[in-house]
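Listed below are the residues making up each chain.
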Amino acid sequence: MSIDQDIEGFEPELDAKIEIFRPYVDLVLYAFDVPPEEALWVNDESVIADIMAGDDDLPVAIESLGFKFTERDYVWEVAAFLKKTGEE
(Lines give C-alpha, C1' and ligand atoms only; values in the text may rest on other atoms or scores of the structure.)
Protein backbone atom coordinates (compact mmCIF):
# COMPACT_ATOMS: atom_id res chain seq x y z
CA MET A 1 0.00 0.00 0.00
CA SER A 2 1.37 3.43 -0.92
CA ILE A 3 1.22 6.60 1.11
CA ASP A 4 -1.13 8.08 -1.48
CA GLN A 5 -3.57 5.26 -0.85
CA ASP A 6 -3.34 5.80 2.90
CA ILE A 7 -4.27 9.47 2.64
CA GLU A 8 -6.71 9.17 -0.25
CA GLY A 9 -10.03 10.56 0.82
CA PHE A 10 -8.55 12.40 3.80
CA GLU A 11 -10.35 15.67 4.37
CA PRO A 12 -8.95 18.18 6.83
CA GLU A 13 -11.33 19.13 9.59
CA LEU A 14 -13.70 21.94 8.67
CA ASP A 15 -12.23 25.29 9.65
CA ALA A 16 -8.75 23.82 10.17
CA LYS A 17 -7.09 26.70 8.31
CA ILE A 18 -8.95 29.32 10.34
CA GLU A 19 -7.84 27.62 13.55
CA ILE A 20 -4.22 27.19 12.41
CA PHE A 21 -3.96 30.93 11.78
CA ARG A 22 -6.39 32.01 14.56
CA PRO A 23 -4.24 34.81 16.11
CA TYR A 24 -3.74 36.32 12.65
CA VAL A 25 -7.38 35.80 11.67
CA ASP A 26 -8.24 37.87 14.74
CA LEU A 27 -5.89 40.62 13.55
CA VAL A 28 -7.60 40.61 10.15
CA LEU A 29 -10.99 40.87 11.86
CA TYR A 30 -9.76 43.78 14.01
CA ALA A 31 -8.54 45.54 10.84
CA PHE A 32 -12.17 45.47 9.69
CA ASP A 33 -13.39 46.59 13.12
CA VAL A 34 -15.01 43.19 13.72
CA PRO A 35 -14.54 41.79 17.23
CA PRO A 36 -13.47 38.12 16.88
CA GLU A 37 -15.94 37.02 19.55
CA GLU A 38 -18.74 38.36 17.33
CA ALA A 39 -17.45 36.61 14.21
CA LEU A 40 -17.70 32.98 15.25
CA TRP A 41 -19.32 32.27 11.88
CA VAL A 42 -16.02 32.95 10.03
CA ASN A 43 -14.76 29.68 8.54
CA ASP A 44 -12.34 28.36 5.90
CA GLU A 45 -14.74 29.40 3.14
CA SER A 46 -15.15 32.99 4.36
CA VAL A 47 -13.79 35.68 2.07
CA ILE A 48 -12.87 39.24 2.95
CA ALA A 49 -16.14 40.52 1.43
CA ASP A 50 -18.00 38.54 4.10
CA ILE A 51 -16.49 40.64 6.90
CA MET A 52 -16.71 44.01 5.18
CA ALA A 53 -19.39 46.41 6.42
CA GLY A 54 -18.86 48.89 3.58
CA ASP A 55 -16.78 49.69 0.51
CA ASP A 56 -14.47 51.97 2.50
CA ASP A 57 -13.42 49.11 4.80
CA LEU A 58 -11.00 47.47 2.36
CA PRO A 59 -8.59 50.41 1.87
CA VAL A 60 -8.53 51.08 5.63
CA ALA A 61 -7.77 47.42 6.41
CA ILE A 62 -5.08 47.27 3.70
CA GLU A 63 -3.40 50.30 5.23
CA SER A 64 -3.72 48.83 8.71
CA LEU A 65 -2.27 45.43 7.77
CA GLY A 66 0.39 46.83 5.45
CA PHE A 67 -0.16 44.82 2.25
CA LYS A 68 -2.66 44.60 -0.59
CA PHE A 69 -5.37 41.98 -0.83
CA THR A 70 -8.82 41.82 -2.39
CA GLU A 71 -12.32 41.24 -1.16
CA ARG A 72 -12.26 37.86 -2.96
CA ASP A 73 -9.33 36.54 -0.89
CA TYR A 74 -10.08 34.02 1.83
CA VAL A 75 -9.77 35.39 5.35
CA TRP A 76 -7.36 32.58 6.26
CA GLU A 77 -5.16 33.43 3.22
CA VAL A 78 -4.79 37.03 4.37
CA ALA A 79 -4.05 35.78 7.90
CA ALA A 80 -1.42 33.34 6.60
CA PHE A 81 0.28 36.11 4.62
CA LEU A 82 0.19 38.35 7.68
CA LYS A 83 1.90 35.60 9.68
CA LYS A 84 4.52 35.13 6.98
CA THR A 85 5.34 38.84 6.78
CA GLY A 86 5.69 38.97 10.56
CA GLU A 87 8.27 36.18 10.49
CA GLU A 88 10.54 37.89 7.96
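Provided above is the structure to which this section pertains.
Anyway, here's the lowdown on the structure attached to this text.

Definitions and limits used
- Residues numbered from 1 in each chain as written.
- Predicted model: local features only at pLDDT ≥ 70, side-chain atom pairs only at ≥ 80, totals over all residues.
- Heavy atoms only, no water.
- Helix = DSSP H or I, 4+ residues; strand = E, 2+ residues; numbered from the N terminus.
- Contact = heavy atoms within 4.5 Å.
- Areas by Shrake-Rupley, 256 points an atom, 1.4 Å probe, with all protein chains shown as cover.
- Core = buried A, V, L, I, M, F, W, Y, C linked by side-chain atoms within 4.5 Å.
- Buried < 20%, exposed > 50% of the residue type's maximum accessible area, 1.4 Å probe, protein only.
- Phe/Tyr/Trp six-rings, centres within 6.5 Å; stacked < 30°, edge-to-face > 60°.
- Axes fitted to C-alpha atoms, helices over the stretch in contact; angles between N-to-C directions.
- Parallel < 35°, antiparallel > 145°, perpendicular 65-115°, else oblique.
- Nonpolar A, V, L, I, M, F, W, Y, C, P; charged D, E, K, R; others polar.

## Quick notes on the overall build of the protein
- A tally of helices and strands in the protein yields six helices and zero strands.
- Shown N-terminal to C-terminal, the secondary structure of the protein runs as helices and strands in the order α-α-α-α-α-α.
- Of the contacts made within the protein by residues no fewer than 6 positions apart, 59% connect residues no fewer than 24 positions apart.
- Accessible surface, the protein as shown: approximately 6200 Å² in total, 52% of it carbon and sulfur.

## Focus: the nonpolar core
- Residues Val28, Phe32, Ile48, Ile51, Leu65, Phe69 and Val75 are the most contacted members of the largest nonpolar core, which totals 24 residues.
- Per-element tally for this core: the top contributor is helix α6 (residues 75–87), with six residues.
- The residues touching Leu65, leaving out its near neighbours within four places in the chain, are Leu27, Val28, Ala31, Val78 and Leu82.

## Some thoughts on unusual backbone geometry
- Positive phi values are uncommon outside glycine, yet Asp33 reaches one of about 60°.
- Tracing the backbone shows Asp33 in the loop between α3 (22–31) and α4 (48–51).

## Points about the packing of aromatic side chains
- Following the criterion strictly, the structure yields four aromatic pairs and no others.
- Consider the rings of Phe32 and Phe69, whose centres lie 6.3 Å apart with planes at 65°: the pair is edge-to-face. Linking Phe32 in the loop between α3 and α4 with Phe69 in the loop between α5 (57–65) and α6, this pair joins segments that are 37 residues apart in sequence. Neither residue differs from the other here; Phe32 and Phe69 are each classed as buried.
- On the basis of an interplanar angle of 65° and a centroid distance of 4.7 Å, the ring pair of Phe67 and Phe81 is categorised as edge-to-face. On the criterion of sequence distance, the pair formed by Phe67 in the loop between α5 and α6 and Phe81 in helix α6 is long-range, its members being 14 residues apart.
- The structure contains a cluster of three or more aromatic residues connected by ring pairs, namely Phe32, Phe67, Phe69 and Phe81.

## Focus: the packing of α3 against α6
- Remark: α3 packs on α6, axes separated minimally by 8 Å, with the N-to-C direction vectors making an angle of 110°. With respect to their mutual orientation, α3 and α6 come out roughly perpendicular. The segment α3 lies against α6, with Tyr24, Val25, Leu27 and Val28 engaging Val75, Val78, Ala79, Leu82 and Lys83.
- Here the residues of the contact of α3 with α6 sort into eight nonpolar, no polar and one charged.

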